[in-house]
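Notes for the structure review
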Amino acid sequence: MEMVGGEEDRRLEETELRLGLPGGRASEGETAVAVIKCGGKRGFSETVDLMLNLSTKETLMDLNDKVKRNLAKENDDPVKPPAKALVVGWPPVRSFRKNILAVQKSDVKESEMMSGGAAFVKVSMDGAPYLRKVDLKIYKGYQELSNALGNMFSSFTVGMIDFMNVCKLMDLLNGSDYVPTYEDKDGDWMLVGDVPWEMFVESCKRLRIMRGKEAIGLAPRAMEKCKNRS
Amino acid sequence: MGENRAEVPGCGGDSQPPCPDQVLENVLENVLRFLTSRRDRNAVSLVCKSWYLAEALTRSELFIGNCYAVSARRATERFRRVNSVVLKGKPRFADFSLMPLIWGAHFTPWLTAFAAAYPWLEKIHLKRMSITDDDLAQISHSFPHFKELTLVCCDGFGTSGLAILASKCRQLRVLDLIEDEVEDDDVVDWLSCFPDNGTCLESLSFDCVELPINFDALERLVARSPNLKQLRLNQFVSIGQLYRLIVRAPQLTHLGTGSFSPPESWVPGEQEPDYRAAFAACSSLVYLSGFREIVPDYLPAIYPVCGNLTSLNFSYANLNAEELKAVVCHCYKLQTLWVLDTVRDEGLEAVATTCKDLTELRVFPIDAREDSEGFVSEVGLIAIAEGCRKLQSILYFCQRMTNAAVIAMSEKCHDLVVFRLCIMGRHRPDHLTNEPMDEGFGAIVMNCKKLTRLAVSGLLTDRAFGYIGKYGNSVRTLSIAFAGDSDMALKYVLEGCSNLQKLEIRDSPFGDSALRAGLHHYYNMRFLWMSSCKITLEGSREISKALPQLVVEVFRSGLAAVRDEDEFVDTLYMYRSLEGPRNDAPTHVRIL
């Protein structure tokens, strides 16, 4: 799954709204894991700077688009499916069925089940009236998750405004930065991006995209946890 | 019988003779009362005006297959004496995350209309609709005779709404929550809210409520519900707690067993109750489900009831072939069986040996990923085909299949009404011959004359759809994914399947030209869904212009708006409607 980078993106970077990558702004081409590696502890102000990624139209493409484009190519051999593309909603098994099976005790293939199955978690966003469930296992890292979440919730932050006009966006969102947080297995609320992606998928119980002001209280606790872990 | 004395119409007499129409109407109404099938009623209403009126007055169950096909106002104006409503909202692909988070299908406007028009309303059955806690409260206030609420695949409500319903609807007999998404932000002890002095409850299902419950309250509730026949528990009920419930309610006919495992706090070696005896006392039990966190050691407890079971749902139970065999060998009356593919072909062979009356089989994958191993194959399918000749409905998830097996099923199971085969790996051919699965599905439509629902998968060329178009005259619901080579495939279907009502297609190379091929038929359909195909915005607009009473929606799966410059439309969802474009569509859903 290629990451779309480019000059345009870098210029917009300063004003860009981004989700969940701490420890400095990763360019679109880097994976989240590389970024996370540079120390688990973040400065407080950096933490609050995390913002919702909505800007370029390329990053707004969700996984479905990528699969669709592959299928739409006229010359493709219909026999071969798009390599490694993750497809939403396939096989057609309802999410609660997938999730429940992921926690079943398996006498024969326990290790396989741990890596297989699904990891559906609820995602809520402050101000948005609805929840959504996402399967964390279909994303390869924080960047993909960020793109998907941005796509999912974009209409709440921009309403009718053309979301491609970044300047207008900044006015609208003046002072209302959003911060992605998650509840882990211990019931603590953590900032997304704290831990390596695989660990995050295992421990994340639910996601909440909080208004920045509310997340301020989280930072000290999150840093505490980082200390204990390392 | 009629109010007037029977008098020969047209004869003069001392008293005012009833006019012929009046007598006819009375007779008609009394006869029509017995007509329950809605298809029959629809036919009756077309005979003439007076029959239309009589039918409208005597229809007591209102069925709306698409909540946007007709407005609440129109429905309540025509049908004045309804006491039971069935309402369906979102299309089925919403279950697979293919719809935007916010789309519609809100119950509130319907509820408002019903509250005004049908204060005597007794039953509400919703499928894929959004119903809020406020709606549940409104139901409690508006309908003093309310008796049955069934919610299937719904969302938008939580335990606070359930609490209000439980406490205010004193005549509640049925509360069935089936595969709903229940909000868990606010956990209210709703089971404590039922009336203290006893309830009329006959059926209580809450297996989809993924929240802990107050077990003592549940136990007391069961104790004061003498009419309770159906009880489906969630996974927060341990087997020890289950025991306490069934000893109080041996009259149960339907039981969802909850976790079917001991609580986490339990210590092995601790004295355990006689589960087997408790089940043995439930001599009326015909349906078992649940087994959400099953510890197979406890399975022998259900052996005493197996001989009576007509329906067994093991679709959450990770059982191997041996464990299933040990149960199923007693289940000679079984008609419906849902299992996981962990039972393997061998488990299915055991089913085929014993369950000669089987009419419905569903085999779900424990690992629902495209590249998972898959534990059942054509071997299991053939066994079932040979052993279960009365089979009517099958849903089968697998990774390996052959045309020969599907053909065998088409030849042996003449009563097949529903055939849904899901080969999970996309575009997979017959794994022995490497050919497309065309011949297998072709045989199904050719040989199964009663077939009304078909879901196809695997590697399929246009040829398969040629068969479906030619022979699939009785098919009403068709599901297509990752199949076909060209527009011809869809054209065959749209031109051939004259009874087609619901067509859902994803990720298949069908474009505008194919779409046009269905213009003659779309008014006869409930809906058409096409996602990730090759439909353009222009093509969709064309359809919308050609068929003014079709609502044509285009949207993407996220909340981003449809872009004019996109080559293809993400999702096209269109349906006939008497009302024109709906006024509650969110901004990211474009109605053409």
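The structure presented is a predicted model; accordingly, all values stated were derived computationally and were not measured.

Summing up its helical and strand segments, chain B has 20 helices and 23 strands in all. For 592 residues, the compact-globule estimate of 2.2 N^0.38 gives 25 Å, and chain B sits close to it at 26 Å. With the C-alpha coordinates aligned to their principal axes, the bounding extent of chain B is approximately 85 × 65 × 50 Å. Put simply, chain B has 592 residues, and 58% of those count as buried. Within chain B, contacts between residues separated by at least 24 positions form 70% of all contacts whose residues are at least 6 apart in sequence.

Helices and strands together make up the secondary structure of chain A, namely 11 helices and 5 strands. Taken across its 230 residues, chain A has 53% of its residues classed as buried.

The predicted coordinates of low-pLDDT regions are not to be read in fine detail. Residues and elements named next belong to chain B. With 97% of its residues at a pLDDT of 70 or more, chain B has an overall mean of 94. Every residue in residues 1-13 is under pLDDT 50, and counting partners more than four places away or in other chains gives 13 contacts. Interface confidence in the predicted complex, given as ipTM, is 0.88; pTM for the same model is 0.78.

Below, the discussion takes up the UniProt feature "domain: COI1 F-box" (unreviewed entry) in chain B. Mapped onto the present numbering, the UniProt feature "domain: COI1 F-box" (unreviewed entry) falls on residues 21-60 of chain B. Across residues 21-60 of chain B, the secondary structure splits into 75% helix and 0% strand, with the terminal C-alpha atoms separated by 23 Å.

What follows concerns the packing of helix α5 (residues 108-117) of chain B against helix α6 (residues 133-142) of chain B. Residue and element names in this part refer to chain B. Running from N to C, α5 and α6 point in directions that differ by 5 degrees, and their axes come no closer than 11 Å. It follows that α5 is roughly parallel to α6 by the angle criterion. In this structure, α5 uses Thr-108, Leu-111 and Ala-115 to contact α6, whose residues at the interface are Asp-135, Gln-138, Ile-139 and Ser-142. Of the residues that constitute the contact of α5 with α6, the class distribution is 3 nonpolar, 3 polar and 1 charged.

For helix α13 (residues 344-354) of chain B, the set of buried residues is Asp-345, Gly-347, Leu-348, Ala-350, Val-351, Ala-352 and Thr-354 of chain B. Buried residues in α13 of chain B make contact with α12 (321-328), β13 (336-340), β14 (360-364), α14 (378-387) and β15 (393-398) of chain B.

Residue and element names in this part refer to chain B. In terms of residue burial, β14 counts as a mostly covered element, since 4 of its 5 residues are buried. As judged from the 5 bridges shared by β13 and β14, these two strands associate in the parallel manner. Paired with Trp-338 across the two strands is Arg-362, which belongs to β14. Between β13 and its parallel partner β14, the chain crosses via α13, and the hand of that crossover is right-handed.

This part covers the pattern of salt bridges. Once their charged atoms are close, side chains differing in charge can pair, the charge on each being opposite to the other. Residue and element names in this part refer to chain B. Taken as a whole, this structure holds 35 salt bridges over all chains when the rule is applied. The salt bridge partner of Glu-370 is Arg-426, with a shortest N-O separation of 2.9 Å. Of this pair, Glu-370 sits in the loop between β14 and α14 while Arg-426 sits in the loop between β16 (418-423) and α16 (438-447); the two residues are 56 residues apart in sequence, bridging distant segments of the chain. Relative accessible area serves as the criterion here: at 6%, Arg-426 is assigned to the buried category. Across the salt bridge formed by Glu-386 and Lys-412, the nearest N and O atoms sit 3.7 Å from each other. Separated by 26 residues along the polypeptide, Glu-386 in helix α14 and Lys-412 in helix α15 (residues 403-412) bring together distant segments of the chain. With a relative accessible area of 44%, Glu-386 lands in the partly exposed category.

Once that is clear, we can look at the confidence of the model for chain A. Residue and element names in this part refer to chain A. Looking at chain A, the pLDDT average stands at 56 and 30% of residues meet or exceed 70. Taken element by element, the predicted model of chain A shows its lowest mean pLDDT in helix α2 (residues 32-36) (33) and its highest in helix α9 (residues 197-203) (88). Across residues 105-115 the pLDDT falls below 50, and counting only partners more than four positions away or on other chains, this stretch makes 17 contacts in the model. Note on residues 157-176: pLDDT under 50 across the span, and 29 contacts to partners over four residues away in sequence or across chains.

Ranked by size, the top nonpolar core spans 178 residues in total, and within it Phe-107, Ile-139, Leu-204, Phe-279, Ile-302, Phe-314 and Phe-419 of chain B carry the most contacts. Apart from residues lying up to four places away in sequence, Ile-302 of chain B is in contact with Phe-260, Phe-279, Leu-288, Phe-291, Phe-314 and Val-327 of chain B.

Residue and element names in this part refer to chain B. Under the definition given, this model contains 29 aromatic pairs over all chains. Grouping aromatic residues by their ring pairs yields a cluster made of Tyr-68, Phe-93, Phe-96, Trp-103, Phe-527, Trp-529, Phe-555, Tyr-573 and Tyr-575. Above the face of the Tyr-287 ring, Arg-232 is positioned so that its terminal group lies 4.8 Å from the ring centre. Cation over ring: Arg-582 sits above Tyr-68, and NZ or CZ is 4.5 Å from the ring centre.

Tracing the backbone shows Val-267 of chain B in the loop between β10 (254-257) and α10 (275-280). A C-alpha to C-alpha distance of 57 Å links Val-267 of chain B and Leu-500 of chain B, two positions 233 residues apart in sequence.

All names here are of chain B. One can describe the packing of α13 onto α14 by two numbers: an axis separation of 8 Å at closest approach and a directional angle of 0 degrees. Our classification of the angle between α13 and α14 gives roughly parallel. Judged by residue contacts, Asp-345, Leu-348, Glu-349, Val-351 and Ala-352 of α13 engage Val-379, Gly-380, Ala-383, Ile-384 and Gly-387 from α14. Here the residues of the contact of α13 with α14 are counted per class, giving 6 nonpolar, 2 polar and 2 charged.

Attention now moves to the side chain of Thr-199 of chain B. All names here are of chain B. Structurally, the position occupied by Thr-199 is in the loop between β7 (181-183) and β8 (203-205). Residue Thr-199 is classed as buried on the basis of its relative accessible area of 9%. Engagement of the side chain of Thr-199 in a polar contact is seen with the backbone nitrogen of Leu-201, the distance being 3.2 Å. When residues no more than four places from it in sequence are discounted, the contact partners of Thr-199 are Phe-194, Leu-221, Arg-224, Ser-225 and Pro-226.

Here we come to unusual backbone geometry. Of note, the bond from Trp-90 of chain A into Pro-91 of chain A is cis; its omega dihedral lies within 30 degrees of zero at -5 degrees. With respect to the helices and strands, Pro-91 of chain A occurs in the loop between α4 (63-72) and α5 (95-102). At Asn-434 of chain B, a position not held by glycine, the phi torsion is positive, near 65 degrees. Within the element layout of this structure, Asn-434 of chain B appears in the loop between β16 and α16. In this model, Asp-507 of chain B sits at a positive phi of 50 degrees, which is unusual for a non-glycine residue.

Definitions and limits used
Residues numbered from 1 in each chain as written. Chains lettered and ligands numbered in written order. Predicted model: local features only at pLDDT ≥ 70, side-chain atom pairs only at ≥ 80, totals over all residues. Heavy atoms only, no water. Helix = DSSP H or I, 4+ residues; strand = E, 2+ residues; numbered from the N terminus. Rg over C-alpha atoms; globule rule 2.2 N^0.38 Å. Buried < 20%, exposed > 50% of the residue type's maximum accessible area, 1.4 Å probe, protein only. Contact = heavy atoms within 4.5 Å. pLDDT = per-residue confidence, 0-100. UniProt positions renumbered as here; feature names shortened; annotations may be inferred. Axes fitted to C-alpha atoms, helices over the stretch in contact; angles between N-to-C directions. Parallel < 35°, antiparallel > 145°, perpendicular 65-115°, else oblique. Nonpolar A, V, L, I, M, F, W, Y, C, P; charged D, E, K, R; others polar. Pairing = 2+ DSSP bridges. Right-handed = clockwise from strand over helix to strand, strands pointing away. Salt bridge = Lys/Arg side-chain N within 4 Å of Asp/Glu carboxyl O. Core = buried A, V, L, I, M, F, W, Y, C linked by side-chain atoms within 4.5 Å. Phe/Tyr/Trp six-rings, centres within 6.5 Å; stacked < 30°, edge-to-face > 60°. Lys NZ or Arg CZ within 6 Å of the ring centre and 35° of its normal. Polar contact = N/O pair within 3.5 Å; in protein donor to acceptor, adjacent residues only side chain to side chain.

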